[in-house]
Amino acid sequence: MDLQLFFSRTLKKFQISKFSLGFKEDWQPSIEWIVQEELQGKRYSFYYAETLTVLFEVNKSLTEEELAYFQDLFEIIFIKKSVYYKENEIQKLQEGLQAIVTNEKVESLLENILQNAVVAIPAASTGILTLYNEQTKILENIATVGLNKKIRHAKFQIGEAIVGKIFAEGESKLFTNRAEIVQYFNDVSEKNLAILAPEEKLYQSSGLIAVPIKLSEKTVGVILLHQQKKQWSFSELDVKTMEHFASQMALAIFNARIYQQLQERENYLSIRNQIHDTLMSLSLSNKGIPAIVKEIQSILQMTLIYYDFIYYEEIQTNPSKRDDKFFDELFKKIQVYPEGDYVEMEGEAFYAQPIILDHFIIAALVVEAKQEISETNRMVLEQCAMMISNEILKKQSLMDRYLKHNQEFFHRISSVPSTEAIQLLNQKIDYHFNQSFCMIVVMIAQEKHSISSELELHKLIVAIEKQLRDYGIFLFGTNNQITIFVPYNDWVEFKTIKKEISTLISNFSIFFRVPLYAGISTGQRDLAYIKKLTDEAQKACDYGARNQNTSVISYDSLGINTLFLTQSKEYIESFINEIFDPLSQERNDLANTLRAYVACNTSPKETANQLFIHINTLYQRLGKIEKILNLSFDNREHLLRIQLACYLYDNHLI
């Protein structure tokens, strides 16, 4: 039987004047169905759960039996329509789940889910979906239903308006009347008010549901549903339903992010392979570092600076060149960021990508960072850094061959007559027969040989060539040592050369964080003395290393010390200890007394004055020393032995 016809007959039978039913389906002709106009009678209401209210009037009182009839009748309708709405809700949820697994764009997908939510919940009239932007730290409206799309321009801070508060609290909230909504809708910026004000529907809402969207317990957005229909009201059941839709949206967002990450990863790998192939092609064709830097510049489309800290070479695409001070400061700063990071130089922001070999920073790529450097551009710089490190290894190999050739050439000119040596030397440097020359040996204190030690040696060699290039030097290096042939014209030049080498030694000792030692020979004009002067410089350098003296040691300042340079450290220690160990076991300060006595040229009076003791006390001590050592100060050989021990002790040759 037709439900509408059945109701019509039933209502006429009981003389019901009007009723109001909380459903809005097509079978109900209107919200108020007038059966008999202007008929006054008694009014009855039935309430079912929170979604249905039935109101009707009759011109007579109804019996308990008749009221029970109407109650059962409307309950049947309530159940029927509840099943209908639940089926509709399930259908919309299923549609949302099906859409999630498609390749639909996430924006369209979320808007469809919001549309389904508005349709599935009878009291809902309009809806807004807001998501949190991690980069801008702002809540942005990305989807609307039943509202003007202009309100999507509104952007909220966390804690601002209803959406901002729900995001901050992370809990769903049901607003059942206008007063609650107004109370919660405050602290809105003037800009957002200007955007929302023209939308009248927002101000007509008598109910509202606000539900957070969560991913792994982290809130990522908020859904708002508005109720403008007077015959309906939101319930807690609707809140639960909305939380299901929020879960769908969370799943959609999660899938979208995974898909985006996969796409970005795929693009990243594709670009990386392209860059690698391009750079490898340049490397295999021996185009060199300039070609690699130029190619990277064209890819990045950014101002790029390349600087080699070993060979002091620079390539800059910016017309305004940077000076040495800039690169010295850059080197200090990138020690802290060996994997690449932002640095501030001369009041500007840069991104520096170090180029490293064996934990040693050999060069750097630097770009101006007027904005954040993308992950792709970082990858490009990393790829370029690896390729350039290979190119520098090639250069290092060439440097090794150059130094080996110089060493062989040096041995050759050392073994031929002076006239022939001059002719050969003029093939390398501008050397005149009337010039003097000296030899310098520089040593880097190292525990073991490594790539880093080779790089340090090369860096020091390049620095020396750069510093002394005006003198026409010739040098070679092996292991941790550099040998330098330096021509000069006069004594003033000789002193200047020594000073410049001393400055280099001091600076590089700090730079390498290990001591550097240097020895300089006497001067000669005849190349026949080249071996002798090399030996002098070597002895002076060894003397500095043995005494841990990092100043430049001149051979002519060694004096008698040259007699002991060939002796082992252990032998010298044994020689000194034979004199001082027995004396150190006595309570009286016999060792210092002996040293003072020798320093005062064995003068008892001067020694007593220096030690502030009576001369008789001194004689007692000297006698005790002779007895302990079984030596005599009157014996010239014994005295010489004591003097040598004191000299070696005071000059730290142990």
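Figured I'd write up the structure that's included with this text. (Residues numbered from 1 in each chain as written. Predicted model: local features only at pLDDT ≥ 70, side-chain atom pairs only at ≥ 80, totals over all residues. Heavy atoms only, no water.)

## Overview of the environment of His432
Here is step 1 of the chain: Topologically, His432 is positioned in the loop between α12 (418-425) and β16 (436-444).
Here is step 2 of the chain: Taking the C-alpha atoms as reference, His432 lies 7.8 Å from Ile422; in sequence the two are 10 residues apart. (Helix = DSSP H or I, 4+ residues; strand = E, 2+ residues; numbered from the N terminus.)

## Some remarks on the sheet that holds strand β20 (residues 552-554)
Here is step 1 of the chain: Read across the sheet, 5 strands follow the order β17-β18-β16-β19-β20 without closing on themselves; strand pairing throughout is mixed. Bordering the open sheet on either side are β17 (474-478) and β20, each of which pairs with just one other strand. Taken over all neighbouring pairs, the strand axes of this sheet differ in orientation by 20° on average, direction set aside.
Here is step 2 of the chain: Of the strand pairs in this sheet, β16 and strand β19 (residues 516-520) are connected by 5 bridges, and their pairing is antiparallel. Within β19, the position partnered with Met443 by the bridge is Tyr517.
Here is step 3 of the chain: Contacting β16 and β17, helix α11 (residues 375-414) runs over the sheet at an angle of about 115° to β17. (Pairing = 2+ DSSP bridges. Axes fitted to C-alpha atoms, helices over the stretch in contact; angles between N-to-C directions. Contact = heavy atoms within 4.5 Å.)

## A short note on helix α19 (residues 615-629)
Here is step 1 of the chain: With 15 residues, α19 should reach 21 Å at 1.5 Å per residue; the first-to-last C-alpha distance of 21 Å fits that figure.
Here is step 2 of the chain: When α19 is considered as a whole, its buried residues turn out to be Leu618, Leu622, Ile625 and Leu629. The arc that holds every buried residue of α19, seen down its axis, measures 55°, which confines them to one face. Residues of α19 that are exposed and point more than 90 degrees away from the buried face comprise Gln620 and Lys627.
Here is step 3 of the chain: Where α19 is buried, its residues contact α16 (569-584), α17 (590-599) and α18 (604-611).
Here is step 4 of the chain: One or two steps after α19, the chain reaches Asn630, where phi turns positive at roughly 60°. (Expected span 1.5 Å × (residues − 1). Buried < 20%, exposed > 50% of the residue type's maximum accessible area, 1.4 Å probe, protein only. Arc of directions from axis to C-beta.)

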